[in-house]
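Topology and contacts: notes
Below, each chain spelled out in residue letters.
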Amino acid sequence: MFETGEWVMYGIHGVCRVMGIEKQTVNRKRTEYLVLAPRLQSKSRFYLPTDNPAAMAKLKPVLEEAEMRALLSSDTIRKDVWIDEENQRKQHYRDIMSGGDRLTLLQMVTSLYRYRAAQTASGRKFHQCDENFLRDAEKLLSSEISLVLNLTQEQARDYLRERLNPAS
């Protein structure tokens, strides 16, 4: 279980601080909830039922600085996860975004950078849905990078792009 005050990654919501545990009665059932506050939306709160394995599986501890730097410099993030069929790609990318696995998320971002560069080089447009996935993934990764490396959100996004984008 996570400790009060600890930083965690929570699915597509990014970095959150564990605010504590609360018991609440919903539909006459008393349930324990982990209370999370998103780092970039400090007035929001997420309540995760601690007895829900699917919800709790979306929680990951924030990486340490050395882990983050090692992951960002790893060759494994260069693996191409592009899927030509658009609907399959969308579903796969949705799964990656909600799963919270940084390696597959970084592979997705690297693939999207690579594909966007190829589209631009051939004079074609990059699909808006792919642009949206890229923007959301960059935001998610940047939220953790900014905390771990003590950078602003914008600096973290630039740091990410410098390391992953072949066109930068």
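Before reading further, recall that the structure is shown in the block above.
In what follows, the accompanying structure is described.

Each value, and the rule that gives it
Residues numbered from 1 in each chain as written. Predicted model: local features only at pLDDT ≥ 70, side-chain atom pairs only at ≥ 80, totals over all residues. Heavy atoms only, no water. Helix = DSSP H or I, 4+ residues; strand = E, 2+ residues; numbered from the N terminus. Pairing = 2+ DSSP bridges.

1. Let's talk about unusual backbone geometry
- A positive phi angle, close to 60 degrees, is found at Arg-28, a residue other than glycine.
- Inspection of the secondary structure assignment puts Arg-28 in the loop between β2 (14–26) and β3 (29–38).
- We note that Asn-150 has phi near 55 degrees; this positive angle belongs to a residue other than glycine.
- Position of Asn-150 among the secondary structure elements: in the loop between α5 (128–148) and α6 (153–164).

2. A word on the pairing of β2
- Note that strand β1 (residues 7–10) and β2 share four bridges and pair antiparallel. Bridge assignment links Met-9 to a residue of β2, and that residue is Val-15.
- The antiparallel hairpin formed by β1 and β2 contains three residues in its connecting segment, where Gly-11 sits at a positive phi of about 45 degrees.
- Direction of pairing for β2 relative to β3: antiparallel, over a ladder of ten bridges. The residue of β3 that forms the bridge with Gln-24 is Thr-31.

As far as function goes, none of this settles anything; it's purely spatial.
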